[in-house]
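Here is what each chain is made of, one letter per residue.
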Amino acid sequence: AGDRHLQAEGHLYWGHVLLKQNYYDDARPHYETALKLADEAALHALKAASLRGLSSLALNQANYVEARTYTEQCLYISRNIGNALEEGIALDHIGLIACRQGNYSDATQHHEQALRIFREVGDRKSEGIALHHLGLVAVRSGNPAEAQTFYQQALSIYHSIGDRLNESTMLN
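Below you will find a few notes about this structure. These numbers were taken from a predicted model, which means no experiment stands behind them. Every chain's residues receive numbers from 1 upward, in the order its sequence appears when written. In keeping with the predicted nature of the model, local features appear solely for residues at pLDDT of at least 70, side-chain atom pairs appear and are counted solely at 80 or more, and the whole-chain, interface and lining totals rest on all residues. Think of the side-chain values as coming from all heavy atoms in the structure, minus any hydrogens and water.

Thoughts on the overall build of the chain
1) Next: On a plain count of helices and strands, the chain comes out with nine helices and zero strands.
2) Next: On C-alpha atoms alone, the chain measures out to a radius of gyration of 16 Å, which is about the 16 Å that the 2.2 N^0.38 rule sets for 172 residues.
3) Next: The principal-axis extents of the C-alpha atoms in the chain amount to approximately 50 × 30 × 30 Å.
4) Next: Residue pairs at least 24 apart in sequence account for 50% of intrachain contacts in the chain once pairs closer than 6 positions are excluded. Numbering of helices and strands runs from the N terminus; a helix is a DSSP stretch of H or I covering at least four residues, while a strand is a stretch of E covering at least two. Radius of gyration: over C-alpha atoms. The globule rule applied is 2.2 Å multiplied by the number of residues raised to the 0.38 power. Here, two residues are considered to be in contact whenever any of their heavy atoms come within 4.5 Å of each other.

Written out as structure tokens, the structure reads:
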């Protein structure tokens, strides 16, 4: 299982690198190989991460049904293995998909669920990200005052944890 684990991690890593560079057609086989290797070796956390990578790829290509399907599989696995942080990330990702589809109530519901989890596990950075995403939903649904509140909360968190990159994103 050790070799499969390393191979799966390698493919997952290259999938992320290629996705970040917008080489979608090149990223997909790496994510699919990582998923296959993780599944064969019963590496559940790595399988969830591979599904999240495939979901991000689909989201970037505006394939929302595929993105949601992958993310819901990731959410199912995360809950079954008791990985609360990964569960929160999956919920937040579902919120992003719903927002892109214009389903703002569904987006808000999922971002709020993710926010609760991030607060429970004490992940301040993810908490800031969920607040930022709630702000995006508020803007898109026509509630700029509410968005400002979420953005201020996210900015405060980023500042307090020294996350200058996300802090600067909030200020632009």
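There is more to say after this.
Overview of the packing of helix H3 (residues 44-60) against helix H5 (residues 84-100)
1) Next: Viewed as axis vectors pointing N to C, H3 and H5 meet at an angle of 15 degrees, and their least axial separation amounts to 11 Å. Relative to H5, the element H3 lies roughly parallel. In the crossing of H3 with H5, the sense of the turn from one axis to the other is left-handed. Touching Ala48, Arg52, Ser55, Ser56 and Leu59 of H3 are Glu86, Ile89, His93, Leu96, Ile97 and Arg100, all from H5.
2) Next: When its residues are assigned to classes, the contact of H3 with H5 shows five nonpolar, three polar and three charged. Between N-to-C directions, angles span 0 to 180 degrees; the directions come from axes that are lines fitted to C-alpha atoms, helices contributing only their stretch in contact. Oblique is the label for every angle not falling under 35 degrees (roughly parallel), over 145 degrees (roughly antiparallel), or within 65 to 115 degrees (roughly perpendicular). In a left-handed crossing the near helix is turned counterclockwise from the far helix by less than a right angle, and in a right-handed crossing that turn is clockwise. Ten residues, namely Ala, Val, Leu, Ile, Met, Phe, Trp, Tyr, Cys and Pro, are considered nonpolar, four, namely Asp, Glu, Lys and Arg, are considered charged, and the remaining ones, Gly among them, are considered polar.

Observations regarding the packing of aromatic side chains
1) Next: Aromatic pairing here means that ring centres of Phe, Tyr or Trp (its six-membered ring) are within 6.5 Å. Orientation follows from the plane angle: under 30 degrees is stacked, over 60 is edge-to-face, and everything else is tilted. Evaluated as defined, the whole model comprises one aromatic pair.
2) Next: Arranged with centres 5.4 Å apart and planes meeting at 75 degrees, the rings of tyrosine 13 and tryptophan 14 form a pair that is edge-to-face.
3) Next: Residue tryptophan 14 is classed as partly exposed on the basis of its relative accessible area, which comes to 45%. Type-normalised accessible area, obtained with a 1.4 Å probe on protein chains alone, sets the label of each residue: buried when under 20%, exposed when over 50%, and partly exposed for intermediate values.

As for the side chain of glutamate 167
1) Next: Position of glutamate 167 among the secondary structure elements: in helix H9 (residues 164-171).
2) Next: Within the structure, the side chain of glutamate 167 is placed 2.8 Å from the side chain of arginine 164, a separation counted as a polar contact.
3) Next: When near neighbours in sequence (up to four residues on either side) are disregarded, glutamate 167 contacts Leu155, Tyr158 and His159. Think of a polar contact as two N or O atoms within 3.5 Å of one another; within protein, one of them needs to be a possible hydrogen donor and the other a possible acceptor, and neighboring residues in sequence only count if both atoms come from side chains.

A word on the pattern of salt bridges
Where charged atoms from two side chains of opposite charge come close, those side chains can pair.
1) Next: Think of a salt bridge as a Lys or Arg side-chain nitrogen and an Asp or Glu carboxyl oxygen that are within 4 Å of each other. Taken as a whole and assessed by the stated rule, the structure comprises 13 salt bridges.
2) Next: In this structure, glutamate 40 engages lysine 36 in a salt bridge whose closest nitrogen and oxygen atoms are separated by 3.1 Å. Note that glutamate 40 and lysine 36 are positioned in helix H2 (residues 24-40) at a spacing of four residues, about one turn of the helix.
3) Next: Judged by relative accessible area, which is 53%, lysine 36 ranks as exposed.
4) Next: Close ionic contact of arginine 68 with aspartate 106 constitutes a salt bridge, the shortest N to O distance being 2.8 Å. Of the two residues, arginine 68 is situated in helix H4 (residues 64-81) and aspartate 106 in helix H6 (residues 104-121); the sequence distance between them amounts to 38 residues.
5) Next: Within this structure, Arg4, Lys36 and Glu40 form a network of salt bridges that share partners.

A few points about unusual backbone geometry
1) Next: The phi angle at alanine 42 is positive, at roughly 55 degrees, despite the residue not being glycine.
2) Next: With respect to the helices, strands and loops of the structure, alanine 42 is situated in the loop between H2 and H3.
3) Next: Phi angles above zero are rare outside glycine, and alanine 62 is one such case at about 60 degrees.
4) Next: Relative to the helices and strands, alanine 62 resides in the loop between H3 and H4.

A few points about the packing of H2 against H3
1) Next: At a minimum axis separation of 8 Å, H2 and H3 run at an interaxial angle of 160 degrees. Considered as vectors, H2 and H3 are oriented roughly antiparallel to each other. The way H2 lies across H3 gives a crossing that is left-handed. Here H2 contributes Tyr24, Ala27, Arg28, Tyr31, Glu32, Ala34, Leu35, Ala38 and Asp39 to the contact with H3, which in turn contributes Leu46, Lys47, Ser50, Leu51, Gly53, Leu54, Leu57 and Asn60.
2) Next: Looking at the contact of H2 with H3, its residues break down into ten nonpolar, three polar and four charged.

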